[in-house]
Amino acid sequence: MCGIVGYIGNGEASQIIINSLKKLEYRGYDSAGIALIDDNGNTALYKEEGEISNLELILPAITSHIGIGHTRWATHGKPITKNAHPHSSGNISLVHNGIIENYMELKEELVLEGYEFSSDTDTEVLAHLVKKYYTGDLHTALRTALGYVHGSYALAVLSKDHPDELIAARKDSPLIIGMGDHENFIASDIPAVLEYTKRVIYIDNFELVSVKQDSIQVFDLEGNHKKKEEHIIEWDPEAAEKAGYSHFMLKEIHEQTNSIHETMLGRLHELEGDVIFDELGLSRAQISQIQRIEIIACGTSYNAGLLGKYLFEKLAGIHTDVDSASEFRYSSPVITPGTLVMAITQSGETADTLAAVHEATYYECKTLAITNVVGSTISRDASSTIYTRAGPEIGVAASKSFTSQVVVLYLLAILFARVRYTMDADKAQQLQSELRKIPGHVRQILENERSIQKCALKFAKTNDYFFIGRNINYPIALEGALKLKEISYIHAEGYAAGELKHGPLALITKDVPVVAIAPQGHTYDKILSNIKEVKARDASVIAIADMDDTEIKKYVDAVLPIPKTDEILSPILSSVVVQLLAYYTALELNCSIDKPRNLAKSVTVE
Ligand code: M6R
């Protein structure tokens, strides 16, 4: 997730902006940049790949009191200097956090009109659009430009024609204004300004802000004034990085209302029931000719892959196998040129997954990477790459990166199904419209967080846990168990519920809580039988079930409800519940949640 900063005041702008950008480092970034208007009225622009310290090395001493800065988390275009922000057109420079969905069509029009592009980013179209509509009034130019844009943005705009003002705007990406003494700030998040002021204004969607040294004015997109409330922030700097959450993991679980939306942004075309992945690198003919899909991944990404298997087979009728990358690399895989090898990895750096991709490349088949990190090694090694756009994940336990991987797999399955005529437009439209509701459903689950916490507390002192599910819910049973053992150190097993009687039932006693993933659907009666099976052994059962399910309450000790959705999409919702259950269990046991023992975020060794 990019970080944006703007400063205007009596202070030394370059130092303050660099300092503020460093406070946003926790958001993750791959390049940084700054634009200043110096005291002679000239714009100075510097950007550099990698750490902010690299930018500092090339930044000369400039006396300036107004500027904008940016840390970039790449979504469009590689993490290289030319793609770093600010982007400029004429006298206008801007920094952007978000995604301009329709940037390709806007870019084509701008190129025809003679605008020259020097980056591969979606953001550069915004700079040119503002320039195009600028006739002396920067507010009108920005408002007009934003009228043509679909997607999400938090922006800070600077122009040497207006050296006493910065303009900011927001839609669906975070933006705050820090109010100081004869100085004001624009930022993506509070930590950036906390060293200078505790007074902030939260900017809402479709608001445009004029930021001057001694005034802040907020407008709607029609140019009408808006009154805003000032807030005093009492967080210490560490709490501020976590936006007030006690752990990054909890913050990241909560961010799923937005990250899932970002994953879908610009990729769903409900009217035609189509899915668009410009970056897929497979023609319709190639999709039609896929004979088999081989998914390779590790840990949580492997669990996402297992869910993918159900989707590709059920929706698109493509035989799919899922292998742990660490096993695949030493196996004798039967891969033909008709096999599509899909490598799923949040970090894009997992050594086993990279080695498995190299192994697959040897068979001359197409390799498709699904990763969260633009420019990661896998994106260079695979034939093509789809980015999950979950934003950086700091907690070692994967949460939002998992749901975004899963959403990409849903979209791919719908795309493959449409191309292969195994799904009609009506069904595709219905699934897409249900998918669009998922962020709202996640919000509803988060509103019920306290009851999940209560349930976690009740069973936190146990030594063993079981998670069971059937069919499409089985991968979530595996994921629930993995999450719990990883951060709470409680032994947990994930099982296909029908397998219980083939061995593990011997372990079920009154001291072993069993989480049953049991939304309504074609295996509902079967999982009810499994629940009765474990209840007969005196186990306590926690059911993750549909909100309107009154039947299941009769058989279980606790119900953790999820909103009603299409049966096939419910695993996304159940996964948020198991994440919260694991989180609150670990919290109760006082574990090191963001950095569990013996584990690393990026497993770059075999
Ligand atoms: O970066 P990757 O997705 O390739 O990582 C694979 C696993 O190491 C990772 O998913 C791990 O299982 C998670 N930390 C679990 O929460």
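Residues numbered from 1 in each chain as written. Predicted model: local features only at pLDDT ≥ 70, side-chain atom pairs only at ≥ 80, totals over all residues. Heavy atoms only, no water.

(A) Molecular detail of the sheet that holds strand E3 (residues 43-49). Taken in spatial order, the eight strands line up as E3-E2-E4-E1-E10-E9-E11-E15 in an open sheet, and their pairing is antiparallel. Each of the sheet's edge strands pairs with one partner strand only, and the pair in question is E3 and strand E15 (231-232). Taken together, the three bridges between strand E9 (residues 176-179) and strand E11 (residues 199-202) define a ladder with antiparallel strand orientation. When the sheet's bridge partners are listed, isoleucine 177 is paired in E11 with isoleucine 201. On the sheet, helix H1 (residues 13-22) packs against strand E1 (3-9), strand E2 (31-38), strand E4 (64-72) and strand E10 (183-187) and is oriented at approximately 25° with respect to E4. (Pairing = 2+ DSSP bridges. Helix = DSSP H or I, 4+ residues; strand = E, 2+ residues; numbered from the N terminus. Contact = heavy atoms within 4.5 Å. Axes fitted to C-alpha atoms, helices over the stretch in contact; angles between N-to-C directions.)

(B) Quick look at helix H3 (residues 103-112). For H3, every residue scored as buried is listed here: Tyr103, Leu106, Lys107 and Leu110. One side of H3 carries all its buried residues, which in axial view fall inside an arc of 100°. Turned more than 90 degrees off the buried face of H3, the exposed positions are Glu108 and Leu112. On its buried face, H3 is in contact with helix H4 (123-132). Immediately beyond the C-terminal end of H3, within one or two residues, lies glycine 114, with a positive phi of roughly 100°. (Buried < 20%, exposed > 50% of the residue type's maximum accessible area, 1.4 Å probe, protein only. Arc of directions from axis to C-beta.)

(C) Highlighting the site of the ligand. Close to the ligand lie 14 residues; Ser301, Thr345, Ser347, Thr350 and Glu486 are nearest. One of the backbone N or O atoms of valine 396 is found 2.9 Å from a nitrogen atom in the ligand. Residue lysine 483 places a side-chain N or O atom 2.8 Å away from an oxygen atom belonging to the ligand. Protein chains bury 91% of the 400 Å² of accessible surface belonging to the ligand in isolation. In terms of residues, the shell around the ligand owes the most to one element, helix H10 (residues 299-316), which gives three residues. Residues of the shell around the ligand, tallied by class, amount to five nonpolar, seven polar and two charged. (Near = heavy atom within 4 Å. Polar contact = N/O pair within 3.5 Å; in protein donor to acceptor, adjacent residues only side chain to side chain. Areas by Shrake-Rupley, 256 points an atom, 1.4 Å probe, with all protein chains shown as cover. Nonpolar A, V, L, I, M, F, W, Y, C, P; charged D, E, K, R; others polar.)

(D) How the structure looks around the nonpolar core. Grouped together as the largest cluster of nonpolar side chains are 90 residues, with contacts concentrated most on Leu280, Met342, Leu412, Phe416, Tyr465 and Phe467. The dominant element in this core, judged by the number of residues it contributes, is helix H14 (residues 400-419), at 14 residues. Two domains each provide a minimum of three residues to this core, namely domain 2 (239-440) and domain 3 (448-592). Leave out the neighbours within four places in its chain, and leucine 412 touches Phe277, Leu280, Phe312, Met342, Leu368, Ile370 and Ile386. In terms of nonpolar packing, the next biggest core, distinct from the first, is built from 29 residues, Leu24, Ala192, Leu194 and Phe248 among them. (Core = buried A, V, L, I, M, F, W, Y, C linked by side-chain atoms within 4.5 Å. Domains from an automatic or database assignment.)

(E) The arrangement of unusual backbone geometry in detail. Residue proline 86 is reached from histidine 85 by a cis peptide bond, and omega for that bond is 0°. Structurally, proline 86 is set in the loop between E4 and strand E5 (87-89).

(F) View of empty space enclosed by the protein. Counted under the stated rule, the structure contains three cavities of 30 Å³ or more. Its volume calculated, the largest cavity comes out at about 70 Å³. Lining the largest cavity, in full, are Cys2, Arg72, Trp73, Ala74, Thr75, His76, His85, His96, Asn97, Gly98, Asp122 and Thr123. (1 Å grid on protein atoms, 1.4 Å probe; cavity = no way out; pocket = protein on both sides within 12 Å on 5 of 7 lines; lining within 4 Å. Points joined across faces, edges and corners; volume = space filled by probe spheres on them.)

Remember, this is a structural readout, not a statement about activity or role.
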